[in-house]
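Descriptive structure summary
For reference, the chains in residue letters:
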Amino acid sequence: MQTVLAIDDGIKTLQAYERVLQQLGKIEFVPYTTTRAALMWAENNEADLVLIEQDLEPMTGLQFVDSFKKLKGRSQTPVMMITGANENEIRNPTFETHIDDFLQKPADPIRFLARARSLLKVREREIMLERQALTLEDEVRKATASILQAEEETIFRMAHYARLLAAAIDLSTKQQEYVFLAAPMHDIGKVAVPDSVLLKPGKLTPKEWEVMRAHAKAGYDILSQSDSPVIQMGAEIALSHHEKYDGSGYPNGLKGPDIPLTGRIIAITDVFDALLSQRPYKPAWPLPQVVQNLREGRGRHFDPMLVDSFLEIMPDLLKVKKAFSDQEAA
Ligand SMILES: [Fe+2]
């Protein structure tokens, strides 16, 4: 069932729309004779298509559309203007950006029906794609949660480090937030690595290393299917977080600035966190030794500029570490 919101000061016109639209089958038709009342309805209800006259008072059709599009989640709702007003006379930014279709009155019923049908179809498809994207996001979230359950604390601590580094190099607040959300996805490709390799206590054979290294590309393959900008960033990070600044990393042996900035950020934060943490196969390194390692990796493993910024924010990083250890102790 799709909903059509129609606003026109002529009751006969509204009745005519309803009659024609009935031919499309499952349509809920919501008629209003004033823009004000229609806007109040729209604040609490969703429409799949809006039909609107321009010559309305006191709020004109375009003013209505302007307010309507600013409502939460309504920016993509298709709008068809059917009006006695001339298209050229009312062209303005709202018209250009928000009116998806335009018909001059008196509207030919066949043309009206054809256009309404196509706008509703597009709308239906968009909603379907949106749902698919949400499902994918959900799956990714679940997969992230399950694979990283054991390392949960580490992974979120690392996301905080990454956000602090993003802030230190003046990325926008939005980018910092994206980095924070995308960082925990960096090792998601490990779902493709068998436990025998993943959990092996001893040294990996060359063949096993190869399997392990495949997690970068595997993570990218999983995440890159999404249109969500955060998950897209996750895909970029998954693919590039084991690249090294001097070109000796994997999977693509990228060098310097050819490595995406997000991958270079995660490379540092990932290593920093790993060295500073206790693992089944190693004790936690003391801080001076960790810093030493970062300095030695400057320009080899890591982007030199990022190492400098990272070392500058060390007090903040240690605050995060402490907050997490306190949490653990509590
Ligand atoms: Fe990794």
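Quick note: structure is the one above.
Quick notes on the rules
- Residues numbered from 1 in each chain as written.
- Predicted model: local features only at pLDDT ≥ 70, side-chain atom pairs only at ≥ 80, totals over all residues.
- Heavy atoms only, no water.
- Axes fitted to C-alpha atoms, helices over the stretch in contact; angles between N-to-C directions.
- Helix = DSSP H or I, 4+ residues; strand = E, 2+ residues; numbered from the N terminus.
- Parallel < 35°, antiparallel > 145°, perpendicular 65-115°, else oblique.
- Left-handed = near helix turned anticlockwise from the far one by under 90°.
- Contact = heavy atoms within 4.5 Å.
- Nonpolar A, V, L, I, M, F, W, Y, C, P; charged D, E, K, R; others polar.
- Buried < 20%, exposed > 50% of the residue type's maximum accessible area, 1.4 Å probe, protein only.
- Pairing = 2+ DSSP bridges.
- Right-handed = clockwise from strand over helix to strand, strands pointing away.
- Donors = N, O, S within 2.8 Å, 3.2 Å for Na, K, Ca; no water.
- Tetrahedral: all angles 85-135°; square planar, octahedral: opposite > 155°, others 65-115°.
- Arc of directions from axis to C-beta.
- 1 Å grid on protein atoms, 1.4 Å probe; cavity = no way out; pocket = protein on both sides within 12 Å on 5 of 7 lines; lining within 4 Å.
- Points joined across faces, edges and corners; volume = space filled by probe spheres on them.

Notes on the packing of helix 13 (residues 261-276) against helix 14 (residues 287-297)
Between two packed helices, the angle of one axis relative to the other and the distance separating the axes together describe the packing. Packing of helix 13 against helix 14 brings their axes to within 10 Å, and their N-to-C directions diverge by 150 degrees. Accordingly, the angle class assigned to the pair helix 13 and helix 14 is roughly antiparallel. In the crossing of helix 13 with helix 14, the sense of the turn from one axis to the other is right-handed. Of helix 14, the residues touching helix 13 (which contributes Ile 268, Val 271, Phe 272, Leu 275 and Leu 276) are Leu 287, Val 290, Asn 293 and Leu 294. Grouping the amino acids of the contact of helix 13 with helix 14 by side-chain chemistry returns eight nonpolar, one polar and no charged.

Focus: the pairing of strand 4 (residues 79-83)
On any regular strand, side chains alternate: one points to one face of the sheet, the next to the other face. For strand 4, the buried fraction is high: five of the five residues fall into the buried class. Neither face of strand 4 is open: one carries Val 79, Met 81 and Thr 83, the other Met 80 and Ile 82, and all of them are buried. With three bridges connecting them, strand 3 (residues 49-52) and strand 4 associate as parallel partners. Residue pairing for strand 4: Leu 51 is matched across the bridge by Met 80. Handedness of the crossover joining strand 3 and strand 4 through helix 3 (residues 61-70): right-handed. In this sheet, strand 5 (residues 101-104) lies alongside strand 4 in parallel orientation, the contact comprising four bridges. Counted as the bridge partner of Met 80 is Asp 101 from strand 5.

Thoughts on the coordination of the iron ion
Around the iron ion, the protein contributes the donor atoms Asp 187 (OD), His 215 (NE2), His 241 (NE2) and His 242 (NE2), which lie 2.1 to 2.3 Å from the metal centre. Note that the iron ion binds four donor atoms; their angles at the metal cover 84 to 174 degrees, and the shape is irregular. The motif formed by the donor residues of the iron ion, counted along the single chain, is D-x27-H-x25-H-H. Of this pair, Asp 187 sits in the loop between helix 8 (173-182) and helix 9 (195-198) while His 215 sits in helix 11 (residues 215-223), placing them 28 residues apart in sequence. With relative accessibility at 7%, the residue Asp 187 sits in the buried group.

Quick word on unusual backbone geometry
Residues Glu 57 and Pro 58 are joined by a peptide bond in cis, for which omega reads -5 degrees. Turning to its location among the elements, Pro 58 is positioned in the loop between strand 3 and helix 3. Cis geometry marks the peptide bond from Tyr 250 to Pro 251; its omega dihedral reads 5 degrees. Position of Pro 251 relative to the elements: it lies in the loop between helix 12 (229-240) and helix 13.

Quick notes on helix 14
Think of an α-helix as 3.6 residues a turn; residues three or four steps apart then line up on the same face. Listed as buried for helix 14 are Val 290, Val 291, Leu 294 and Gly 297. Each buried residue of helix 14 lies within a common arc of 125 degrees when the element is viewed along its axis, so the set occupies one face. Structural note: helix 14 exposes Pro 288 and Arg 295 on the side pointing more than 90 degrees away from its buried face. With its phi angle positive at about 85 degrees, Gly 299 sits one or two positions after the end of helix 14.

A closer look at empty space enclosed by the protein
Under the counting rule described, the total for this entry stands at one cavity of 30 Å³ or more. Counted as a void, the largest cavity has a volume near 30 Å³. Here the residues of the lining of the largest cavity are counted per class, giving four nonpolar, one polar and four charged.

In short, shape yes, function no, at least from these values alone.
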